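Single-letter residue listing:
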Amino acid sequence: MTKPIEKKALTDIRVDLQRIAEMVTPKSRVLDLGCGDGNLLDYLVHEKDVDGRGIEIKQERVYLCLSRGLSVIQGDAEMDLKDYPSHSFDYVILSQTLQAMHAPREVLSEMLRIGRRAIISFHNFGYWRVRMDLLLRGQMPTRGAFNTPWYETSNIHNCTIRDFINLCGELGVV
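Structure report, in brief.

Reading guide: rules and limits
- Residues numbered from 1 in each chain as written.
- Predicted model: local features only at pLDDT ≥ 70, side-chain atom pairs only at ≥ 80, totals over all residues.
- Heavy atoms only, no water.
- Phe/Tyr/Trp six-rings, centres within 6.5 Å; stacked < 30°, edge-to-face > 60°.
- Lys NZ or Arg CZ within 6 Å of the ring centre and 35° of its normal.
- Salt bridge = Lys/Arg side-chain N within 4 Å of Asp/Glu carboxyl O.
- Pairing = 2+ DSSP bridges.
- Helix = DSSP H or I, 4+ residues; strand = E, 2+ residues; numbered from the N terminus.
- Axes fitted to C-alpha atoms, helices over the stretch in contact; angles between N-to-C directions.
- Contact = heavy atoms within 4.5 Å.

1. Remarks on the packing of aromatic side chains
Inference 1: Tallying each qualifying case throughout the model produces 3 aromatic pairs.
Inference 2: Relative to Trp128, the ring of Tyr127 lies with its centre 6.1 Å away and its plane at 50 degrees, an arrangement referred to as tilted.
Inference 3: One cation-aromatic arrangement involves Arg29 over Phe89; the distance from NZ or CZ to the ring centre is 4.8 Å.

Below, the structure written as structure tokens:
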């Protein structure tokens, strides 16, 4: 006898993932890039009945996702997106990973080629509390979402919302 899947509440996942989950329509096809431990993908698959796939670069996180019954492969989104056919997903999601990409512009273009819609979340380095930390403490923030010192993050392209909007404008993205 199989164990029934427990219902997962939307509030059980990170706040940015909650917002992303609200944007995804039920029964759609989703590709989650840098899916991490699979919390978002797990919610979408079990609560919104999506056909969900994931790509994760860290092998231990891939194993975690697979142990949850998720369809996840180990891969590097910067290298592997070219192998996906155009328009093969309704949504391509990139959550808090854009700033770690070497070529974010190219990744965004590939996401839009593969999916009808791209959903991206990232730390907004223009947020007033982040700027206040820089102004008053003279240091990168280490509170809240920034729970690790700057030298332990994978961030190489920090940006603000305005920077991202400008990039979308350059690419003709609405």
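2. Some remarks on the pattern of salt bridges
Inference 1: Counted under the stated rule, the structure contains 11 salt bridges.
Inference 2: Ionic pairing is found between Glu56 and Arg61, a salt bridge with its closest N-O pair at 4.0 Å.
Inference 3: A cluster of three or more residues bridged by salt bridges with shared partners is formed by Arg29, Asp51 and Arg53.

3. Points about the sheet that holds strand β4 (residues 89-95)
Inference 1: An order of β3-β2-β1-β4-β5 is seen for the 5 strands of this open sheet, with the pairing classed as parallel. Both outer strands of the open sheet, β3 (71-74) and β5 (115-121), are each paired with one neighbouring strand and no more. Sheet twist, expressed as the average angle between the axes of neighbouring strands with direction ignored, equals 20 degrees.
Inference 2: In the packing of helix α1 (residues 15-23) onto the sheet, contacts are made with β4 and β5, and the angle to β4 comes to roughly 170 degrees.
Inference 3: Relative to the sheet, helix α2 (residues 39-47) contacts β1 (29-33), β2 (51-56), β3 and β4, its axis offset from that of β2 by approximately 170 degrees.

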